[in-house]
Amino acid sequence: MAFLATLWRSTPLLWRLSGTKHHFSSTSIHNPIPQYHIKLQELLRDKCKSGFTNEQDALVLFDKMLHMKPPPTDIHFAQLLTALVKMKHSSLVLSLFREMRALDIPVNIFAFNTVINCCCHLNRLDYAFSLLGGIIKSGIVPDVCTYSTLIKGLISQDNAVEAESLFKKLVTFNIIQPNVVTYTTIIDGLCKKGHTYMAVTLFKYMQRKGCKPNIVTYNVLIDSLCKDGLVDHALGLFSKMNEKGIAPDVRTFNSLIQGLCNFSRWADSLGLLREMNSRNVSPDMHTFSILVDAYGKEGMIKDAEDVIEFMIQKGFYPDVVTYSSLMDGYCLRGEVDEALAVLTTLKRKGILPDTRSYNILINGYCKKSKVDRAIDLFQQMPHEGLTPTIQTYNTILHGFFHLGRDVEAQKFYEKMLDEGLKLNMFTCNTMLDGFFKNRYVDEALSLFHQMQCNGLSPHIHTYSILIDGLCKNGKLEKARSLFDSLPSKGLRPNVKTYTMMIRGLCQGGLLDEAKKLFREVEANDCLLDSGIYNSLIRGCFYNKKYKEAVVLIDEMRARDFSADASTTSMLLDLLESKEQDCDLLALRERFLP
């Protein structure tokens, strides 16, 4: 702040004391540049890169700039706003900009673009577009950056169709000449909002218009395609990229390797690693983390450990993310004590475990029905400077209910509320499922009502839990009423919802209604699966409709579905029974030699 003090002392007293409105102009840039203007520009150039230490320093400087004589130029003020953007103070940028306009401080296109960008970050598209009008009224011509920022803002607000329409109009009427940066910015925005198809369409359009994509454009699209599970499409784009002489970088390879590992395509991912080596593209920490995580999820612990050993040889040191992925791999194999040993190793190496490390272990112990050990780890977290997350609580709640320790689950749930944690849908679904499984029907319905009162919008999975729980607790009519109300709530039943309702109807002796609902599934654009067939077949057995069960078994086999353990067990019991039913006798002849 020493330089700010120098600036303040060099400012005429009259300016410091004056409270009047000052009028600025850009004409001063044609006069000899004062020394302190040069120093100011140096300071602002530095702050554009690093940001101010705090916002108060920026405000002090802004105030001093208002009182300089001759006044700073529009470039200086634009740089100040840029420095505040660096600090992520979008609201403050808007406030200072309004004050600048009120004081008639000249504003250039760069400042306008900076403020428009802040409006988009603050979800104030209305103000952003009003600024576009302000630019035109000021006699300034909006540039490519202006429109690109507005288009990206529309995309961020899920107005992709409007964004596409605006872009096409701008190009059609030659208002802008988009370059590769413009196209890539918009493609990136579309990909981040999940509009990969639209991004690919724009990618093809830019090539037709003669604009050549660069490595950044390809990386954005390849990454988005891989995240959408379209790995072969991404590999096709990778090949075209090579054909056009654009060399892939480590980000390109990382996206593809991650995509291939997600589908357990180990041979292809190893082929890419070899290609990286042949192209002298060095793997980075993220490359190794992808492999460790992928091998761990497949239970291939030896391979994961080999990757860690190799990365150390290459001069990379495993971090908490790497070790947590290894712990996750051990837990997925049920080897939770080995995962705990990794945590001990991690601490011994001076690497601090994070919340994810503990959540992995807690989940592992809960799955092994060792909830008390999970609680020990939960209580240890604060001593490590870690705060349990909603995921931590959800995992332990599920573990308690799974073991039938419903009283402890409810106490833990109350503790969670006392801690001030905001409930999410997973918490509520876990509690609902646990209440129903332990026959706390009234408590479950009360929680469901509370969810709605608190503004949580239950999705179809929540309703499926309710329907299943009500059916299993003898509340078939309530379940039917809830199922029938789904369309009015804007929800469409999925195959699990149908399966639960059909199972409940069968157990309630309403087989004809269950069969009618079964035939409606595909008519409502919902694919049948093995589970729904097995539920209806068992319903036929339960209601002694053996002939109808045989028809369904043949239909199920024709669709390449098979009987599950419960259906098979029930069928074997029927075949061994002494009941003299003609349809059952036909069933015996069908399935017994």
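For the structure, see preceding data.
The structure displayed is predicted, hence computed values, not measured ones.

### Some points on the overall build of the protein
The secondary structure content of the protein amounts to 34 helices and 0 strands. Taking 25 Å as the expected radius of gyration for a compact globule of 593 residues, we find that the protein reaches 32 Å, considerably beyond that expectation. Based on the C-alpha atoms only, the size of the protein along its principal axes is roughly 110 × 60 × 55 Å. Each of the 593 residues in the protein was classed as buried or not, and the buried ones make up 47%. A separation of at least 24 residues holds for 63% of the contacts in the protein among residues at least 6 apart in sequence. Charge separation in the protein, taken as the distance between the mean sites of 69 positive and 65 negative side-chain charges, equals 6 Å.

### Concerning the environment of T146
Its place among the elements puts T146 in helix 9 (residues 144-156). T146 sits in the buried class, given a relative accessible area of 1%. For the pair T146 and I109, spaced 37 residues apart in the sequence, the C-alpha separation amounts to 8.2 Å. Residues contacting T146, with those up to four places away along its chain left out, are I109, N113, I116, L132 and I135. Of note is the side chain of T146, whose polar atom sits 2.8 Å from the side chain of D143.

### Quick look at helix 33 (residues 565-576)
If you check helix 33, its first and last C-alpha atoms are 17 Å apart, about what 12 residues at 1.5 Å a residue would give, namely 16 Å. Within helix 33 the residues assigned to the buried category are T567, L571, L574 and L575. Buried residues of helix 33, viewed axially, fall in a sector of 100 degrees; they line one side. Set apart from the buried face of helix 33 by more than 90 degrees, the exposed residues are A565, D573 and E576. On its buried side, helix 33 packs onto helix 31 (530-542), helix 32 (546-558) and helix 34 (582-591). The opening residue of helix 33, the one whose side-chain oxygen lies 3.3 Å from the backbone nitrogen of S566, is D564.

### Focus: the packing of helix 31 against helix 33
Direction vectors running N to C along helix 31 and helix 33 enclose 20 degrees, while the axes themselves pass 10 Å from each other. Between helix 31 and helix 33, the crossing angle belongs to the class labelled roughly parallel. Both helix 31 and helix 33 take part in a crossing whose hand is left-handed. Contacts between helix 31 and helix 33 involve N534, I537, R538, F541 and Y542 from the former and S566, T567, M570, L571 and L574 from the latter. Classifying every residue of the contact of helix 31 with helix 33 by side-chain character gives 6 nonpolar, 3 polar and 1 charged.

### Regarding the nonpolar core
Counting 187 residues, the largest nonpolar core has I187, L361, I467, M501, I532 and F541 as its most contacted members. Those residues in contact with L361 that lie beyond four places of it in its chain are M327, C331, V336, A339, L340, L343 and L377.

### Here's the deal with the packing of helix 27 (residues 460-472) against helix 28 (residues 476-484)
Relative placement of two packed helices is described by the angle separating their axes and the distance separating the axes. Packing of helix 27 against helix 28 leaves a shortest axis separation of 7 Å and a crossing angle of 160 degrees. Overall, the two elements helix 27 and helix 28 adopt an arrangement that is roughly antiparallel. Both helix 27 and helix 28 take part in a crossing whose hand is left-handed. Note on element contacts: helix 28 touches helix 27 through L476, K478, A479, L482 and F483, opposite Y463, L466, I467, L470 and C471.

What counts and how
Residues numbered from 1 in each chain as written. Predicted model: local features only at pLDDT ≥ 70, side-chain atom pairs only at ≥ 80, totals over all residues. Heavy atoms only, no water. Helix = DSSP H or I, 4+ residues; strand = E, 2+ residues; numbered from the N terminus. Rg over C-alpha atoms; globule rule 2.2 N^0.38 Å. Buried < 20%, exposed > 50% of the residue type's maximum accessible area, 1.4 Å probe, protein only. Contact = heavy atoms within 4.5 Å. Lys, Arg positive; Asp, Glu negative; His and termini not counted. Charge placed at Lys NZ, Arg CZ, Asp CG, Glu CD. Polar contact = N/O pair within 3.5 Å; in protein donor to acceptor, adjacent residues only side chain to side chain. Expected span 1.5 Å × (residues − 1). Arc of directions from axis to C-beta. Axes fitted to C-alpha atoms, helices over the stretch in contact; angles between N-to-C directions. Parallel < 35°, antiparallel > 145°, perpendicular 65-115°, else oblique. Left-handed = near helix turned anticlockwise from the far one by under 90°. Nonpolar A, V, L, I, M, F, W, Y, C, P; charged D, E, K, R; others polar. Core = buried A, V, L, I, M, F, W, Y, C linked by side-chain atoms within 4.5 Å.

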